[in-house]
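# Observations on the three-dimensional arrangement
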Amino acid sequence: NTINILETTTTASASVITQAMMNAISAASGFKIAGADLAAFVSSLYDMGVGAREAGTMFSRMASYVTTRIDDLADFTGLSVAEIRKAFDQDFVGGLLGVLHAIGDIQSESEQMAVATEIFGMRAARGVILLANQYDDVLIPTLERARKEFESGNSIINEYTKAMSS
């Protein structure tokens, strides 16, 4: 049902979302990222012009680099390595959202790119910049819709009811 709601509210089709998720599934399972959250991230990237396979790969690299480059992240945030590890252990997606939001708050595009590349590597930096700069307009609303649908699971029933009444 989550994929259904994202298919009707983003430019990504169900097959695109599924394909992108398959490319990110190992990172998502390793960090215990909920399927609804993963679907929202890759759908958002696709909405921003990233291809399905690349969206999944970008998300996978974001997830792995943010945990392997903790020292760079600590320098950027001013938090200790222990504080960052604890935050990501408690809520990985929340931690990643915090980093994306902070990068989006950087006014200089060149500084954004430098920070994103330093923390996430060149291959994931483009996705990080896209998500950071479309944080409030695309990523968060997509994430909220995906989570809401995951909880209620009624989008397919609603579509059926609407089709039957027309």
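Quick notes on the rules
Residues numbered from 1 in each chain as written. Predicted model: local features only at pLDDT ≥ 70, side-chain atom pairs only at ≥ 80, totals over all residues. Heavy atoms only, no water. Helix = DSSP H or I, 4+ residues; strand = E, 2+ residues; numbered from the N terminus. Rg over C-alpha atoms; globule rule 2.2 N^0.38 Å. Buried < 20%, exposed > 50% of the residue type's maximum accessible area, 1.4 Å probe, protein only. Contact = heavy atoms within 4.5 Å. Core = buried A, V, L, I, M, F, W, Y, C linked by side-chain atoms within 4.5 Å. Phe/Tyr/Trp six-rings, centres within 6.5 Å; stacked < 30°, edge-to-face > 60°. Salt bridge = Lys/Arg side-chain N within 4 Å of Asp/Glu carboxyl O. Axes fitted to C-alpha atoms, helices over the stretch in contact; angles between N-to-C directions. Parallel < 35°, antiparallel > 145°, perpendicular 65-115°, else oblique. Nonpolar A, V, L, I, M, F, W, Y, C, P; charged D, E, K, R; others polar. Expected span 1.5 Å × (residues − 1). 1 Å grid on protein atoms, 1.4 Å probe; cavity = no way out; pocket = protein on both sides within 12 Å on 5 of 7 lines; lining within 4 Å. Points joined across faces, edges and corners; volume = space filled by probe spheres on them.

Next up on the list: the overall build of the chain. Helix and strand counts for the chain stand at eleven helices and zero strands. In terms of overall dimensions, the chain is globule-like: its C-alpha atoms have a radius of gyration of 16 Å, near the 15 Å expected for 166 residues. Projected onto its principal axes, the C-alpha positions of the chain cover 55 × 30 × 25 Å. With 166 residues in all, the chain has 43% of them scored as buried. Restricting the contact set of the chain to residue pairs at least 6 apart, pairs at least 24 apart contribute 68%.

Turning our attention to the nonpolar core. In this structure, F41, F59 and F120 are the most contacted members of the largest nonpolar core, which totals 56 residues. Sequence-distant contacts of F120, that is, excluding residues within four places in its chain, are made with M62, Y65, V66, R69, L96, V99, I103 and V128.

This next bit is on the packing of aromatic side chains. On inspection of all chains with the given rule, the structure shows three aromatic pairs. A centroid spacing of 4.9 Å and a plane angle of 45° characterise the contact between F41 and F59, whose relative ring orientation is tilted. Taken together, the residues span a long stretch of sequence, with F41 in helix α3 (residues 35–47) and F59 in helix α4 (residues 52–68) at a distance of 18 residues. Assigned by exposure class, F41 and F59 land together as buried. Pairwise contacts between aromatic rings join F31, F88 and F92 into one cluster.

The next thing to look at is the pattern of salt bridges. Under the criterion given, the structure shown has two salt bridges. The salt bridge involving D37 is made with R147; its shortest N-O contact spans 2.7 Å. Highlighted residues: D37 in helix α3 and R147 in helix α10 (residues 135–152), separated in sequence by 110 residues. Note on D37: relative accessible area 8%, which makes it buried.

Between helix α7 (residues 92–104) and helix α9 (residues 122–133), the least distance of the axes is 8 Å, while the angle of their chain directions is 80°. As summarised for this structure, α7 and α9 are arranged roughly perpendicular, according to the angle between their axes. Only V128, I129, L131, A132 and N133 of α9 make contact with α7, whose side of the interface consists of L100, I103 and G104. Looking at the contact of α7 with α9 residue by residue, the class counts come to six nonpolar, two polar and no charged.

The subject of this paragraph is α10. Look at α10: 24 Å from first C-alpha to last across 18 residues, which is about the 26 Å you get at 1.5 Å a residue. Buried within α10 we find Y135, V138, L139, I140, T142, L143, A146 and E149. In the segment just after α10, G153 is the residue with positive phi, at about 60°.

In this section: the environment of K148. Residue placement: K148 occurs in helix α10. Spatially, the C-alpha atoms of K148 and D136 are 17 Å apart, while their sequence positions differ by twelve residues.

A positive phi is found at K32, a non-glycine position, where the angle reads about 55°. Looking at the element boundaries, K32 is found in the loop between α2 (14–30) and α3. Accessibility expressed as a relative area gives 74% for K32, which makes it exposed.

A separate point is the layout of surface pockets. Space inside the largest pocket adds up to approximately 220 Å³. Around the largest pocket, the lining residues are G30, F31, K32, T67, I70, R85, F88, D89, Q90, D91, F92 and V93. Elements with a minimum of two residues in the lining of the largest pocket: α6 (81–90) and α7. Counting residues per element, the lining of the largest pocket draws most heavily on α6, at four residues. When the residues that make up the lining of the largest pocket are grouped by side-chain class, the tally is five nonpolar, three polar and four charged.

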